[in-house]
Structure formats: C-alpha cells, structure tokens
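# Residue-level structure breakdown
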Amino acid sequence: MEKSNKGSSSGSGKKSPKSSTARQSSGSMDQGSGEQGSEQKSLLQEFFIDSLKDIYWAEKHLTKVLPKMQRAATTEELKDLLEEHLDVTIEQISRLEQIFEMLGKKAQAKKCEAMEGITKEGEGVIEDTEDESMTRDVGIIMSAQKVEHYEIASYGSLAQLAKTLGLEEISGLLEETLAEEKEADEKLTMIAEENINFEASEE
Ligand SMILES: [Fe+2]
Ligand SMILES: [Fe+2]
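Residues numbered from 1 in each chain as written. Chains lettered and ligands numbered in written order. Predicted model: local features only at pLDDT ≥ 70, side-chain atom pairs only at ≥ 80, totals over all residues.

## So, the overall build of the protein
A tally of regular secondary structure across the protein gives 5 helices and 0 strands. Scanning the protein from its N terminus toward the C terminus, one meets helices and strands in the order α-α-α-α-α. Taken over 203 residues, the protein has a buried fraction of 26%. Look at the contacts in the protein between residues 6 or more apart in sequence, and 74% of them connect residues 24 or more apart. (Helix = DSSP H or I, 4+ residues; strand = E, 2+ residues; numbered from the N terminus. Buried ≥ 20, exposed ≤ 12 C-beta atoms within 10 Å, placed from the backbone. Contact = placed C-beta atoms within 7 Å.)

Listed below in structure tokens is the structure:
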C-alpha cells in the first residue's frame, strides 16, 4: 500500500510535470507552426522591404552621380545617354515610392554600400582619365555598366521575391524598371562597340 501509494504519488508527481511538459511542448508546437507560417512570411516581407530601401537609396544617389558623369563625358552620344537615363532614374524613384505606398510603408532610403562603392570607383576613373579623351568615355561606360548590372541583379531578385510574396502588381512594376535597366545596359554596350572603344584605341 505504502509502496503503491508512494508509487502512485511519485507517479502522479512525475506525471504532472510530464503532462505539463507535454502540454507545453504541444502548445508551443501548435503556436510554433502557426507563428512560423506567418513569421516566415513577415521575415521575408521585412527582407523585401529592406531591399527596397537599399535600391531606393541607390537610385536617389544616382540622380547626383549621373549628372557628374554626364559633365565629365567626352562624346555627345554618351552625354545624351546619361541624360536620358537620369530621366528614367527619376521615374524609377517615383515607381519605388508607389511601391512603398502600396505596401503601406513610408518610402525610406537605406544606404547602399555597394552602390556607393561602385560610384566612388567611377569617380576615380574620371579623375584618372584625361579630359575630353575617348578613354574617359570608355571608363565612364564601364562604370555605368557596373551600376546597371547591380540594378539588374537587384530588380531581378526583387521582382521574383514580390511574386513569391504574392505581390503580383508590385512585381510587375519592378519588372518595368528591370527592363529599363537592361535597355540602358544594352545602349551602353552599343555605343562602346560602335564607336567609342575603337576611337579610344587610337589615342
Ligand atoms: Fe535605376
Ligand atoms: Fe539604371
């Protein structure tokens, strides 16, 4: 009796923490799986919004850098192309602001170290090349293409991420910008290959 009492009491003693552990763990599992679903989505959404802030900073920064590149360029065709892309960039900034609004978020820029680095390097190229030389334009085109490739990588990923998050309309807007960046990149390649590279090789 004593033994069985002890046993039952110790048994119930063991049982109660066990059952409370079981309850806790099943409780946390239920909560976990429930929260995990929404948490995963919100973490990805948070990452998505953070990446939008990064490219928003980059685009705004480019509105200051593109005019400098344009002033430093030698040929009219490169100057025109950079001017055209400045207008496109200003539209892309509005498009990003529209996206922030659609997400119910304030448009916020977060410093993009990569874009700062690429454009700093571009300024160095301008310093290292002679005024009114074709080699200057070769350097500017190379820098501008590095910028475009960063943007292509960013907008390509962002458009895809928007799709994953079920944000179809936003994805469409990001794809519009992606197409513009690709077009700018192609135009830069074209003017380099048609004329500027050859003329620079004669300097
Ligand atoms: Fe852009
Ligand atoms: Fe661009």
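Having put the structure on the table, let's press on.
## Some remarks on helix 2 (residues 76–102)
Helix length check: helix 2 (27 residues) gives 39 Å between terminal C-alpha atoms against 39 Å at 1.5 Å per residue, within 8%. Within helix 2 the residues assigned to the buried category are Leu78, Leu81, Leu82, His85, Thr89, Gln92, Leu96 and Ile99. Looking one or two residues past helix 2, Gly104 carries a phi angle of roughly 70°, positive in sign. (Expected span 1.5 Å × (residues − 1).)

## What about unusual backbone geometry?
Residues other than glycine predominantly adopt negative phi, and peptide bonds predominantly adopt the trans conformation. In this structure, Glu132 is a non-glycine residue whose phi angle is positive, near 60°. Examined against the element boundaries, Glu132 turns out to sit in the loop between helix 3 (113–128) and helix 4 (134–164).

## Observations regarding the environment of Ile55
Looking at the secondary structure, you find Ile55 in helix 1 (residues 2–72). Expressed as a C-alpha distance, the spacing of Ile55 and Cys112, which sit 57 residues apart in the sequence, is 7.1 Å. Ignoring sequence-local partners within four residues, the contact set of Ile55 consists of Leu96, Ser154 and Leu158.

## Let's talk about the nonpolar core
Ranked by size, the top nonpolar core spans 36 residues in total, and within it Met69, Ile140, Ile141, Leu158 and Leu174 carry the most contacts. Every element with two or more residues in this core is listed here: helix 1, helix 2, helix 3, helix 4 and helix 5 (168–201). With 10 residues, helix 4 is the single largest residue contributor to this core. The residues touching Met69, leaving out its near neighbours within four places in the chain, are Leu82, Gly122, Ile140 and Ala144. (Core = buried A, V, L, I, M, F, W, Y, C linked by C-beta atoms within 7 Å.)

## Here we look at the packing of helix 4 against helix 5
Contact geometry of helix 4 with helix 5 gives a least axis separation of 8 Å together with a crossing angle of 160°. Considering their axes alone, helix 4 and helix 5 lie roughly antiparallel with respect to each other. Like other packed secondary-structure pairs, helix 4 and helix 5 cross with a definite hand, here left-handed. Among the residues making up the contact of helix 4 with helix 5, the classes are represented as 17 nonpolar, 7 polar and 10 charged. (Axes fitted to C-alpha atoms, helices over the stretch in contact; angles between N-to-C directions. Parallel < 35°, antiparallel > 145°, perpendicular 65-115°, else oblique. Left-handed = near helix turned anticlockwise from the far one by under 90°. Nonpolar A, V, L, I, M, F, W, Y, C, P; charged D, E, K, R; others polar.)

## Looking at the packing of helix 2 against helix 5
In contact at an axis separation of 10 Å, helix 2 and helix 5 are set at 170° when each is read in the N-to-C sense. Accordingly, the angle class assigned to the pair helix 2 and helix 5 is roughly antiparallel. Contacts from Glu77, Leu78, Leu81, His85, Val88, Gln92, Arg95, Gln98, Ile99 and Met102 in helix 2 reach Glu169, Ile170, Leu173, Glu176, Thr177, Glu180, Ala184, Lys187, Leu188 and Ile191 in helix 5.

## Digging into the environment of Ile170
Relative to the helices and strands, Ile170 resides in helix 5. On the basis of neighbour counts, which here come to 23 C-beta atoms within 10 Å, the residue Ile170 falls in the buried class. Residues Ile170 and Ala159, spaced 11 residues apart in sequence, show a C-alpha to C-alpha distance of 7.5 Å. Each residue touching Ile170, except ones within four places of it in the same chain, is listed here: Ile99, Met102 and Ala162.

Read these as layout, nothing more, since geometry by itself doesn't imply function.
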